[in-house]
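Here is what each chain is made of, one letter per residue.
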Amino acid sequence: MSETPTITIRDLVAADEQDWRRLWAGYLDFYESAVPAAVTDSTWRRLLDPHQPLLGRVAEHDGAVIGITNSVLHHSTWLTGQVCYLEDLFVDPVHRGLGAGRLLVQDLFDLAAARGWARVHWLTAQDNPARRLYDTFVPADHFVHYERDLPSADGTGPTPAGLPPR
Ligand SMILES: CC(C)(COP(=O)(O)OP(=O)(O)OC[C@H]1O[C@@H](n2cnc3c(N)ncnc32)[C@H](O)[C@@H]1OP(=O)(O)O)[C@@H](O)C(=O)NCCC(=O)NCCS
């Protein structure tokens, strides 16, 4: 008989820095992408700053951090409530299939209900296998995504190839 693994989802904390950086690097590798170290440092700092609209959550299994979500909270002209944009979702490849990905997404819906957010939304590539998971929450809509990168004054902008579709 197989046992359901115990996975808990919680806020990112300062002590998670090494794990978060490892999983973030894995996520960038998954997209065959890179960002300057200054971007990673800034994202890490802002995720921990309660005055910034970024939210970091982690999945923990047997005392180890095995997955992350990085989200952005923002306003909307179409809604009065706050909206959560799930920007990054990644589970350590060796811990996939345990249910962490599903719990990390469900966690944002649970937070939305508890905190009165009006919507959770996210993007992914047409062919991302993660859509099998996403489709169990809600069907994809018919919108297409346009994005134009601009040169950044501090040199911390995206790589010349641009960020990948998420
Ligand atoms: C997507 C991802 C987070 C799923 O993590 P996970 O912990 O393995 O997901 P779960 O164990 O909760 O699986 C959830 C369900 O989706 C399916 N699924 C999830 N990811 C899948 C994948 N890459 N390929 C095929 N099926 C997948 C599982 O079969 C499972 O179905 P089930 O509940 O019927 O068994 C993980 O594969 C990942 O980090 N991928 C690389 C990064 C990525 O694509 N992130 C999303 C970018 S938008």
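The coordinates are above.
A brief structural summary. Worth saying up front: this structure is predicted, and the values here are computed from it rather than measured.

A word on the pairing of strand 3 (residues 64-74). Here strand 3 lies mainly inside the structure; eight of its eleven residues are buried. Sheet analysis places strand 2 (residues 54-61) next to strand 3, joined by eight bridges and oriented antiparallel. In the strand pairing of strand 3, Glu60 is matched with Val65. The hairpin formed by strand 2 and strand 3 contains two residues between the paired strands, and Asp62 there has a positive phi angle of roughly 55°. Pairing of strand 3 with strand 4 (residues 83-91), which is carried by eight bridges, proceeds in the antiparallel orientation. Bridging across to strand 4, Val72 finds its partner in Tyr85.

Glancing now at the site of the ligand. Taken together, 20 residues lie near the ligand, and Leu89, Gly97, Gly99, Gly101 and Arg102 sit nearest. The contact in question runs from a nitrogen atom of the ligand to an N or O atom on the backbone of Leu89, over 2.8 Å. In the model, an oxygen atom of the ligand is placed 3.1 Å from a nitrogen or oxygen of the Asn128 side chain. Protein contacts shield 76% of the accessible area of the ligand, which totals 880 Å² for the unbound molecule. Every element with two or more residues in the shell around the ligand is listed here: strand 4, helix 3 (100-115) and helix 4 (131-134). Taken together, the residues that form the shell around the ligand break down as twelve nonpolar, five polar and three charged.

Okay, the pattern of salt bridges next. A complete count under the given rule lists eight salt bridges for this structure. Arg10 is the salt-bridge partner of Glu60, the closest N and O atoms lying 3.0 Å from each other. Here Arg10 lies in strand 1 (residues 7-11) and Glu60 lies in strand 2, a separation of 50 residues in the sequence. For Glu60, a relative accessible area of 23% translates into the label partly exposed. Measuring nitrogen to oxygen at the nearest pair gives 3.0 Å for the salt bridge that ties Asp19 to Arg22. With Asp19 and Arg22 both in helix 1 (residues 17-30), this residue pair falls three residues apart, about one helical turn. The exposure class assigned to Arg22 is partly exposed, which follows from its relative accessible area of 37%. One salt-bridge network, held together by shared partners, links Arg10, Asp16 and Glu60.

Our next topic: the sheet that holds strand 2. Taken in spatial order, the five strands line up as 1-2-3-4-5 in an open sheet, and their pairing is mixed. Strands with a single pairing partner mark the edges of an open sheet, and in this sheet they are strand 1 and strand 5 (119-122). With strand direction ignored, the average angle separating the axes of adjacent strands in the sheet is 30°. Here strand 1 runs beside strand 2; their pairing, made up of five bridges, is antiparallel. Bridged to Ile9 within strand 2 is Ala59. Where helix 2 (residues 37-48) meets the sheet, its contacts fall on strand 2 and strand 3, and the angle it forms with strand 2 comes to roughly 90°.

Calculation notes
- Residues numbered from 1 in each chain as written.
- Predicted model: local features only at pLDDT ≥ 70, side-chain atom pairs only at ≥ 80, totals over all residues.
- Heavy atoms only, no water.
- Buried < 20%, exposed > 50% of the residue type's maximum accessible area, 1.4 Å probe, protein only.
- Helix = DSSP H or I, 4+ residues; strand = E, 2+ residues; numbered from the N terminus.
- Pairing = 2+ DSSP bridges.
- Near = heavy atom within 4 Å.
- Polar contact = N/O pair within 3.5 Å; in protein donor to acceptor, adjacent residues only side chain to side chain.
- Areas by Shrake-Rupley, 256 points an atom, 1.4 Å probe, with all protein chains shown as cover.
- Nonpolar A, V, L, I, M, F, W, Y, C, P; charged D, E, K, R; others polar.
- Salt bridge = Lys/Arg side-chain N within 4 Å of Asp/Glu carboxyl O.
- Axes fitted to C-alpha atoms, helices over the stretch in contact; angles between N-to-C directions.
- Contact = heavy atoms within 4.5 Å.

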